[in-house]
Structure formats: structure tokens, C-alpha cells
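# Structural characterization, general
Here are the chains, one letter per residue:
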Amino acid sequence: KLFIIFSFKHHLIDPCSHFVLACAHLTHFIIFSLFQKKPLTAVIKEVCDKWNLPGPDNYALQYADGVQTYITESNRLDIKNGSILRLTKAPGRCAEDLYKGIQSSDSGVRCDSLKLLADVSTDITFAQEFISRDGHSLLVKIVEDAHEAPLIMTHTLTAFMELMDHGIVSWENLSSVFIKKIASFGNAKVLDTSIQQVSLAILESMVLSSSSLFNEVKHEITLERLVSHLQVTNQQLQTKAMALLMAMLLAGGEADRQVRNIIHSSSSVGDEMAHYLYVLQTVRLNHLEARMRTPLDSYNQEQRDMLHGLRQAAFETESESGLSNERRRSLCAKEFKKLGFSNNSNPGLDLSRCPPGLLALDTMAYFASRYPDAYSRFVLENSSREDKHECPFARSSIQLTLILCEILRIGEPPSETGSDYHPIFFAQDRLLEELFCICIQLLNKTWKEMRATQEDFDKVMQVVREQITRTLSSKPTSLELFKNKVNVLNYSEILKLRQTERLHQEETLAPPVLELKERLKPELLELIRQQRLNRLCHGTLFRKISSRRRQDKLWYCRLSPNHKVLHYGDVEEETEMPSIEALQEKIPVADIKSVVTGKDCPHMKENKGKQTKEVLDLAFSITYDVEEYSLNFIASSRTDFCLWTDGLNVLLGKEMSSESMRSELEILLSMEIKLRLLDLENVPIPDTAPPIPKPPSNFNFCYDFSQAEQ
């Protein structure tokens, strides 16, 4: 049974039951019953008859709020209780009128028709009717002629984009003239930004649709102009340009070096731009994966020359031509040992492990050629130490290269929701090699600070990993800044940080304190529950994941203040916190049956095998009614995932189970315990309670109040 309101201008229809419809015309109401199984044509005819409207074939039903989709036989079962529908012009009739309107000789009529066309083209039912009349070809002709005013051209391009997004017409059917015209809009130095934004979005869809279109776009759009778009103050234009750049990177697998210097890291970056920067960084760094997964080939002359070049750069050797083979091998083995190779007679074996493979040889060779003085100083300094205290250059370099590969996630495909990028990447041509040059000298410095021996090798590498990770987490914007910060973070500072973190994490484990913690837990859990519900009432912006386009697909969900209804609906990019009235869709909390996460979510099952682990970890769904319907979410971060799953479990009367809840509970317990134990500072807490003394032999020492009253 559905409760629905139909409207037609001043007419209202309020259906209830199976449908029982209340029709209002000004102050007059007509009530009649309709059944869900009745054909839509019959429903529309009956409504038209009640209002004395001729030609029911010219009318259709449409959602009045939110995304104004036409109601068809295929989607009528999606109508929810309380939906507001209206009687409106049929899609075929609307398509015919707009088709004529955009050919009008009156520019005002053309502009209004194209603006309306851009709005209604989001509906696939209308799009099918308009395309069946070859309306999209008419839009192509308008673009190719390019005689219209900027506003009309913007509406034309927007309508074309919306029509093509339905996948009814193939992108490959577009002419070269049209592609060149769209590219010219993107390349233009002086042009309406709205036209350029839509043009860049169209080019992005072309690139993603086929390799042949990618090749055409690549020849038409200039990299210099694309780079200039990324340096403007208009964030929407900047984002569209970055989206096109990402599409070209993913489609072509190549990028010009100039794109590395396009980002001003000091400026604020939106979530979507952060994602594109992350993808750009990942794609470029993954070009190193092939070298990382290739072991050294002892029969490859070029690789052997690079290896021996390290030895020759470190040690001033006399001409080896006059030496016997045995003497030459002995000399080489001795020098490779000083370089820190484990297999000094055959150093290629040290580089057979993948990762880091040949990437370790590349980084060592780069350091030796780029900074020869620092390289010679490192090798000679350690080769003159006692054996047990020398820092092996080759072994350290191989392990350091592996650590950098892991920190920079080389070899991992870009995630659909990732946004963690390093600003330093966009200020440096060869990030990995330059980081290596700084960090290998840091490693030598840390080795001396720790007074390490060969047995401490793993400990030193752990400290160096921590130094690099902590420094990169501060988002340095240049190599110089990174170098200064990482060198300040010496071994003693790392020890202090570890000690501070340990003191924050450790709790007194005395039984009385554990008992106190158990007594405090219910109160603190209730505090966390209230925080979760408040967070749900504030709401969160979620992104719809699409393989074609990421932008302009956002929706917001929030809980009503009385905690009884979940409100949600589509919103625009700039929306911060829409009001409940602006969110047209709603689900009563009483109808929610369960909360499922990860691979159990319906939207994850539909794309089984296509989703990354990161997306699976952020996915959750709620099922409602009789588990036939579900509302699917993909959180933007693990924090939002934990907040929402906890909050939904609280609404359902279930226990919170997220790692965020456990972490917050531990923090609150730690703070509360420390406050309670402030007065007991330096007082040892016994493991067991003191023994209760035996009762006295008599109680004569007690004062008898009853006798005193007498």
C-alpha cells in the first residue's frame, strides 16, 4: 500500500491505501481508488478524466521533487510512501516541443528551450524520445556552426553531455569537426569559463570511451593550455582540467614532465582535486614498477657496467688491464665488500630480490653520479671503520629503496576514493631518486647516532623508516624542507616521541584500576553513543562512485533531530549542510532491518571482483522494509565509515563495534583514570585489597544512643 500525492498545477492528488487518491482543485476534493497493478495509461486517463483534461496520451507522471524522473512501467515499483508526483507533459510531447524550440528564429526561445533541454535530459525516458528524433545531431550542428551566443552555447553543450551520459548513442559516432570544435573551446585563451568547463568534461568522456577518440583528443588539446587551466583561480575549471588530465594519463599511460609543476601546494585543495592529484602521483610513480620487479641480469652488459661503475666511482683504482684475471677478481671482490655487498664475489645476487630489483641499482647509480662527493665520503668513511661498526652502503641502499617503495606505494593501483598525495611530488622531477639521496645520508647519520653494529641493521632501518614516514606526514612542499625536517628528527627525538606515545598508550593494570575502568565504561559508552547520534543528525556528504565520471554525483544523508527518520537526497558540490526540507527522500528508522558492511553490501555484490579492498572497507548499506530495499553508502574515509555504522547500530539498539569506538573509549578511559588517580601520584596501588581484620571479641566500645535518649 502506497501513500502518494499527485499534483497538476493547482491540482493535488493524495493517494492512500492501494491507491486511495484525494484530488484537490483549489478547495474541491475528489477521492478515488487506484491499484498498483493498474497500467499507467489507465491511471493517467482516470486522473485526466477527473480533472476534465483532454488527450491523456499527452500527459505523464513525474516526481515533483528532487530528481524529477518520469514514472514508467519499469520504475513504478520504486515509488515510496509519501512521494509527491505531478501530472506533466508526456516525454514524447516535451521532446517534440523542445526540438522545435531550439530551431526557432527567436534567440530568446532557443535559449530557453536549450536551458530546459539541459535540465530534462538527465531523465533517460526523455533522452530516448529526444534522441529518437535525432535531436542530438541538431545539437552537434549548433556546436559545429558555433554562431550562437556564449549562454546558448553553454546550454547546448550541457544538454549534449547529459544526453550522451545515458549511453544511448556511441561517442565514436561523433565527427572530427565536432571534436576539433570542442577541443578549440578547451584551448581558447579567452572564452566563457562555463563553455570551457563543459567542453573539458565532454573531452574527458571521449577519452574514457575509446582509444581512437583518445588519440584524436590527444592531437587536438594542447598540454600547455591544459596546464594553464590548472593554474587558474576558478576551482571548477581547474577540477575539470585535472579530470581530463587524469583520463588522458590513465588512457595513454604517459604524461609530460611539465604537469609535475602545475600545483601550488600552498593553496587549499578540495576533495575531488586531492583525489586527482593522488591519481596523478600514483600513475607517475607506478612507472617505476617495472624496474622494481626486474632482478639484475648478470649477462646484461649495461647493468654490469652500472654495477662496476659504483665501484670505480668510490675507489681510485689503477688500470686493471695489466692485472691477471685472478688478481682482477680478487681486487673487485675486495672493493665490492667495502661497498657493502653481501655477495662480494658476485654482487649481482644482492640485486636479485624483487622488490626492489633494478630500482636499487638505479638509486645507487643516481646518488653516485648526482652527488659524487657525498657518495665517496659515505663509502670511504665506513670502509675505514672497524668491521663491526661500518654501515654497509649497498645493503643499506637496497633496503632503503624497498622502504621508499613501500612508503610511496609503488606498484599499487590508484584507489577510486584515495586522496593522500605528497605535495613534494609536484615540486620534483625524480622524487624517488632525490629522496633516496637525502635518506641514505640520513641513514649513515642515524647509524652513527645509534652506534650500531651489523647486528643492529634491522633496528636502524626501522628508525629510518619512522623518520621518513613522520616527516612525509607533515606534507613538506619541497626537498629542502623535507631534508631540514628529517635531519632535525634524529635518533634521540625518535626515542622521545616513542616514549611520549608509550606513556599515552600504557595504562595501569592494577586490579583496582581495571575494576574502576569497568565501572566507568557504561557512562563513557553512552557519551560515545550520543556523539554518534549527533554526528548523524549533522549529516555527511557522500560520493557516488562512477566508472565514467566522478564529478557532480554527490548526495547527503542526515538523521532527523528526533532520531526517527533518515533524510537523504542529491546535492550540488558547493552544498555544506542542506536542511532536512531540502532532502526529499526519507526512511523511517523503524523500517530499518539491518546494517551490512563490506562485501555483504548489495552494491558490492553487483560489482563483485571489480572493487578494491579500500572501497570494500568503506562500503556499508542499510536494508529496510522487508529487506527488499537498501540504501547504499561508500564513506569518504574510515572515520566516516565508523561514525555511521556505529550510529546506525545505536539506532537499531545494537552494540557499537568499530575500531574508532574502541579507540575513543580507550582514550576517554585513559583520561578519566588519570584524573581520578591524580591524588594518588607516587602512591603505589596494591594488586589486592588490604585484608579485612577479624571482628573484635565484643562491641562494648560502641556508644549506645538509645540509653542517651532516655
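Fair warning: this is a prediction, and the values are worked out from it, not measured in the lab.

Cut-offs used in this document
Residues numbered from 1 in each chain as written. Predicted model: local features only at pLDDT ≥ 70, side-chain atom pairs only at ≥ 80, totals over all residues. Heavy atoms only, no water. Helix = DSSP H or I, 4+ residues; strand = E, 2+ residues; numbered from the N terminus. Buried < 20%, exposed > 50% of the residue type's maximum accessible area, 1.4 Å probe, protein only. Core = buried A, V, L, I, M, F, W, Y, C linked by side-chain atoms within 4.5 Å. Contact = heavy atoms within 4.5 Å. Polar contact = N/O pair within 3.5 Å; in protein donor to acceptor, adjacent residues only side chain to side chain. Pairing = 2+ DSSP bridges. Phe/Tyr/Trp six-rings, centres within 6.5 Å; stacked < 30°, edge-to-face > 60°. Expected span 1.5 Å × (residues − 1). Axes fitted to C-alpha atoms, helices over the stretch in contact; angles between N-to-C directions. Patch = residues over 30% accessible without salt bridge, like charges linked within 9 Å, V, L, I, M, F, W, Y side chains within 5 Å. Areas by Shrake-Rupley, 256 points an atom, 1.4 Å probe, with all protein chains shown as cover. Salt bridge = Lys/Arg side-chain N within 4 Å of Asp/Glu carboxyl O. Lys, Arg positive; Asp, Glu negative; His and termini not counted. Charge placed at Lys NZ, Arg CZ, Asp CG, Glu CD. Disulfide = S-S within 2.5 Å. pLDDT = per-residue confidence, 0-100.

### Looking at the overall build of the protein chain
For the protein chain, the helix and strand inventory stands at 28 helices and 13 strands. Among the 710 residues that make up the protein chain, the fraction classed as buried is 46%.

### A closer look at the nonpolar core
In terms of nonpolar packing, the biggest core is built from 131 residues, with L139, M206 and L339 touching the most fellow members. Ignoring any residue separated from it by four or fewer positions in sequence, one finds M206 in contact with W171, L174, F178, I179, L213, F214 and V217. C557, I634, W644 and V650 belong to the second-largest nonpolar core, a separate cluster that totals 41 residues.

### Concerning the environment of E73
On the secondary structure map, E73 appears in the loop between β5 (59–63) and β6 (84–89). Owing to a relative accessible area of 45%, E73 belongs among the partly exposed residues under this scheme. Beyond its immediate sequence surroundings of up to four residues, E73 is in contact with P39 and L40. Polar contacts involving the side chain of E73 include one to the main-chain amide nitrogen of L40, which spans 2.8 Å.

### What to know about the environment of H567
Structurally, H567 is set in strand β9 (residues 565–571). Considered as a pair, H567 and S579 are 12 residues apart in the sequence and their alpha carbons are 9.6 Å apart. When near neighbours in sequence (up to four residues on either side) are disregarded, H567 contacts Y556, C557, R558, S560, I580, L583, E585 and K586.

### Thoughts on the pairing of β5
Taken across its 5 residues, β5 has 5 buried, putting it largely inside the fold. Neither face of β5 is left uncovered, since the one carrying Y59, L61 and Y63 and the one carrying A60 and Q62 both have all their residues buried. In this structure, β5 lies alongside β6, joined through 5 bridges in antiparallel fashion. For Y63, the partnering residue across the bridge sits in β6 and is L85.

### Some details on the packing of aromatic side chains
Under the counting rule described, the total for this entry stands at 22 aromatic pairs. Consider the rings of F367 and Y371, whose centres lie 6.5 Å apart with planes at 45 degrees: the pair is tilted. Among the residues examined, F367 registers a relative accessible area of 0% and is labelled buried. Here Y371 falls in the partly exposed class, since its relative accessible area comes to 28%. Judged by centre distance (5.7 Å) and plane angle (80 degrees), the rings of F620 and F641 are edge-to-face. On the criterion of sequence distance, the pair formed by F620 in strand β12 (residues 619–624) and F641 in helix α26 (residues 638–651) is long-range, its members being 21 residues apart.

### Some details on helix α8 (residues 193–209)
Its 17 residues give α8 an end-to-end C-alpha distance of 24 Å, which sits within 8% of 24 Å, the value for a rise of 1.5 Å per residue. Extensive coverage of α8 is indicated by the burial of 13 of its 17 residues.

### Description of the sheet that holds strand β8 (residues 554–559)
Reading across from one edge, β7-β8-β9-β10 is the order of the 4 strands in this open sheet, with antiparallel pairing throughout. Pairing within the sheet leaves two strands with one partner each, and these edge strands are β7 (540–543) and β10 (585–588). Within the sheet, the average angular offset between the axes of one strand and its neighbour, ignoring direction, is 25 degrees.

### Considerations on the environment of G92
Along the polypeptide, G92 turns up in helix α2 (residues 91–101). In sequence terms G92 and F130 are 38 residues apart; their C-alpha atoms lie 7.4 Å from each other. Residue contacts for G92: discarding those within four places in its chain leaves E129 and R133.

### Comments concerning unusual backbone geometry
Along the chain, C354 connects to P355 via a cis peptide bond; the corresponding omega equals -15 degrees. Tracing the chain through its elements places P355 in the loop between α15 (325–339) and α16 (358–370). The peptide bond linking P355 to P356 adopts the cis configuration, its omega dihedral lying at 10 degrees. Of note, P356 is situated in the loop between α15 and α16. Phi is positive for R451, close to 50 degrees, though the residue is something other than glycine.

### Digging into the sheet that holds strand β13 (residues 629–634)
The sheet built from 3 strands is open, its strands ordered β11-β12-β13 with antiparallel pairing. Two strands bound the open sheet, and with one partner strand each, they are β11 (592–597) and β13. Across the sheet, the mean angle separating the axes of adjacent strands is 20 degrees when strand polarity is ignored. With 5 bridges joining them, β11 and β12 adopt antiparallel strand pairing. By the bridge assignment, S594 is partnered in β12 with T623. Docked against the sheet, α26 engages β11, β12 and β13, running at close to 20 degrees with respect to β12.

### Let's talk about a negative patch on the surface
Side chains of D271, E572, E573 and E574 sit close together on the surface and give a patch of like negative charge. Relative to the helices and strands, D271 resides in helix α12 (residues 271–285). Of the residues examined, D271 reaches a relative accessible area of 64% and is grouped as exposed.

### Focus on the side chain of E466
Within the secondary structure, E466 is located in helix α20 (residues 457–473). Judged by relative accessible area, E466 falls into the buried class, the value being 17%. Those residues in contact with E466 that sit more than four places away from it in its chain are I494 and R498.

### Examining the state of the cysteines
This model, assessed by the stated rule, comprises 0 disulfides. A disulfide-free cysteine, C439 has its sulfur positioned 9.4 Å from the sulfur of C437, the nearest such atom.

### Here we look at the confidence of the model for the protein chain
A residue-level look at the protein chain finds 83% of positions with pLDDT of 70 or above and a mean pLDDT of 79. In the model of the protein chain, strand β2 (residues 11–16) stands out as the element of lowest mean pLDDT, 35, in contrast to α26, which has the highest, 92. Below pLDDT 50 for its whole length, residues 7–32 participates in 83 contacts with residues either more than four positions away or in separate chains. Taken together, the stretch residues 253–266 has pLDDT below 50 and engages in 32 contacts with residues farther than four places along the chain or on a different chain.

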